[in-house]
Structures are given as structure tokens and as C-alpha cells.
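# Observations on chain architecture
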Amino acid sequence: MNACNENGSDPFVTRKIINPYSEGILTGLSFAVKDNIDIENERTGYGSPSWLETHNKPVVNAVCMEQLLCEGGIFKGKTISDELAYSLIGVNSFYGIPVNPKAPDRVPGGSSSGSASAVASGDVDFAIGTDTGGSVRVPASNCGVWGYRPSHGVISVAGVLPLAPSFDTVGILSRSGEILEKAMSVMLAESCSKNSATPSICFVDDVFQISDESILQVTRTVQNKISCHFKNQTLNLSEIANFNISLNGLFSQLGFLLSVEIWNT
């Protein structure tokens, strides 16, 4: 989708430096957070001026913010989100469209649009977003940066505004795999020690079967590179789960469940 403004907007809602509490694995690295994550004594806007005006300032930082400051991360500001985090496009009618540095005439993707834009622009080394139905993965892909959505529940969402709580996760966007690994180790509360085990990759065939040929042409190149370096196999969902699963059925159920939770929220 083409962006309305080829130059794009500043990815930040507010720029504000908060120095780390101590040195750690993130010392020297800067980060930003999406505008649905609480910062002490600063209103959380949720991409909506009306929300901003009608809610009080948080009295404490979100847990993920505390984790990063405790390990040496330098906070540089809050980034634009789609309004109420309810889109995958990256267009906000109030705050503008964050620039997509890798494709300035295209949208950055959402709803963690500003976080992806800030990383791709080089404003920060990594950024925190949230992902309910693709809101870290889509902008990471659009802006050509690393994006990680963890399994549900492994990173704390305390101090993060909810959208669909059964699906909401905190996610990370970064400009390199090395930086992503460091941020992941902090937020997952794991050591960053090197693992000697040989990675094994599984390609889920159901996804390739429903993809357009233009997408398949691009992904084949990546798939071939991965296959040259790692042990891999191709399986469908039914083989993985050991019972019959329809990917299209999962999609329809996901859409229904998300809609119900978002409405209730």
C-alpha cells in the first residue's frame, strides 16, 4: 500500500531520554517503546488523543521498561502506534505515518509502526512493540528489520495496555540479530550464553500451499539459503500436531476470537 506522504512522519510521539539504572548486557544500546506501554509519570496515548486526554499518568514503568533500564538500555522516547493498536497498516490519522526508510513511498506496517520506523531509521538500536495478530512481524517485514514475537506469556505484559489479552505479547524490533539476542535475553530473563546445539528448522507446508506465487518466489530464495546451513524438514500442521488441522479453519477461528476479545476489551 502506498503511503499518503512519501516523506513520512517522525516515528516518535515524544522524545525523552531516560538513562539506565545500571550497566548490563544492554550498555551503550538505545531503545524506544510503543505508545501503549507505560512510562512512569507520562500519559500512555495508545495512538489516540482522546485516550491520552481521558487517562491518568502511570505511577510506575511497565515491567519490560524496567528490565531494559536495569540492564543498561538508554530510553529515547515513545513511538507512534496505529490508533488503539487496531491495524496492520501503520497509518495514524492523528500522528501521521511513520516513515518507512527502506521504501519511503510505502507504509511501514502496524501497529508497531513507529517502533519499526525508529529502528530502520537508525534512531535507536532496538525498539519494543506489541504483537496480537502480527503487529511486530508485519512492520519488521515492511521496514526490513529484525522482528521477534515470543510465545504468549513469556514476556510480562504488566503495564501494557490490552487489546486481546489471550493473544497480546510484547515483541522486539532490532537492526541486527546480535542486538535482538541481547534484548531477548533480558526480556525473557535468560542468559545469553552460546548454545552448541545445531538448530533444526521446520517449514510448515500449509503456509506455502496458500501463498501467492509472487510470495513463493521470494521465500524460496530464503528457504534455499536456510536449507544449505541448517538441518531442516517440511511438514504440514497435521503431521506436526499428530491430528487433523486446517490452516484456513485456524484463520477463521483466530479472526472470531480476536474480534470478541477486542470488543470486550
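Structure: above.
Below you will find a few notes about this structure. (Residues numbered from 1 in each chain as written. Predicted model: local features only at pLDDT ≥ 70, side-chain atom pairs only at ≥ 80, totals over all residues. Heavy atoms only, no water.)

To continue, consider the layout of surface pockets. There is about 1,000 Å³ of room inside the largest pocket. Forming the boundary of the largest pocket are 23 residues, of which Gly 134, Arg 137, Val 138, Gly 147 and Arg 149 lie nearest the centre. For the lining of the largest pocket, the leading source of residues is helix α9 (residues 247-264), giving 6 residues. Classifying every residue of the lining of the largest pocket gives 13 nonpolar, 8 polar and 2 charged. As for the second largest pocket, its lining consists of 15 residues, and the residues nearest its centre are Phe 203, Val 204, Val 207, Phe 208 and Thr 219. Mapped by element, the contributors of at least two residues to the lining of the second largest pocket are β7 (200-204), α6 (205-209) and α7 (213-229). Element by element, the count of residues in the lining of the second largest pocket is highest for α7, at 8 residues. The class makeup of the residues in the lining of the second largest pocket is 11 nonpolar, 4 polar and no charged. (1 Å grid on protein atoms, 1.4 Å probe; cavity = no way out; pocket = protein on both sides within 12 Å on 5 of 7 lines; lining within 4 Å. Points joined across faces, edges and corners; volume = space filled by probe spheres on them. Helix = DSSP H or I, 4+ residues; strand = E, 2+ residues; numbered from the N terminus. Nonpolar A, V, L, I, M, F, W, Y, C, P; charged D, E, K, R; others polar.)

Once that is clear, we can look at the pattern of salt bridges. Working definition: two side chains of opposite charge can pair if their charged atoms are close together. Summed over all chains, the structure comprises 8 salt bridges. Put simply, Asp 125 and Arg 175 hold a salt bridge, and the shortest N to O gap is 2.7 Å. You can see Asp 125 sitting in the loop between α3 (113-120) and β4 (126-131) and its partner Arg 175 sitting in the loop between β6 (169-174) and α5 (177-187), a full 50 residues away along the chain. For Asp 131, the salt bridge is made with Arg 137, and the minimal N-O distance between the two is 2.9 Å. The class for Arg 137 is partly exposed, based on a relative accessible area of 42%. (Salt bridge = Lys/Arg side-chain N within 4 Å of Asp/Glu carboxyl O. Buried < 20%, exposed > 50% of the residue type's maximum accessible area, 1.4 Å probe, protein only.)

All right, on to the side chain of Lys 34 then. Counting through the fold element by element, Lys 34 comes out in strand β2 (residues 30-34). At 2.7 Å, the side chain of Lys 34 and the side chain of Thr 130 are in polar contact. Beyond its immediate stretch of four places on either side in the chain, Lys 34 contacts Lys 78, Thr 79, Ser 81, Ala 85, Ser 111, Ser 112, Ser 115, Ile 128, Gly 129, Thr 130 and Ser 135. (Polar contact = N/O pair within 3.5 Å; in protein donor to acceptor, adjacent residues only side chain to side chain. Contact = heavy atoms within 4.5 Å.)

Glancing now at the nonpolar core. In terms of nonpolar packing, the biggest core is built from 25 residues, with Phe 126 and Ile 128 touching the most fellow members. For this core, the leading source of residues is α5, giving 5 residues. Those residues in contact with Ile 128 that lie beyond four places of it in its chain are Ala 32, Val 33, Lys 34, Ile 37, Leu 68, Ser 115, Val 170, Gly 171, Ile 172 and Met 187. (Core = buried A, V, L, I, M, F, W, Y, C linked by side-chain atoms within 4.5 Å.)

Right, let's get into the pairing of strand β3 (residues 74-79). Bridge count between strand β1 (residues 12-18) and β3: 4 bridges; the pairing is antiparallel. Opposite Phe 12, over in β3, you have Thr 79 as the bridge partner. In this structure, β2 lies alongside β3, joined through 4 bridges in parallel fashion. Counterpart to Phe 31 in the pairing with β3 is Phe 75. (Pairing = 2+ DSSP bridges.)

So, about the side chain of Ser 113. Mapping Ser 113 onto the fold places it in helix α3. When sequence neighbours within four positions are dropped, the list of residues in contact with Ser 113 reads Ile 80, Ser 81, Asp 82, Gly 90, Pro 98, Pro 108 and Pro 139.

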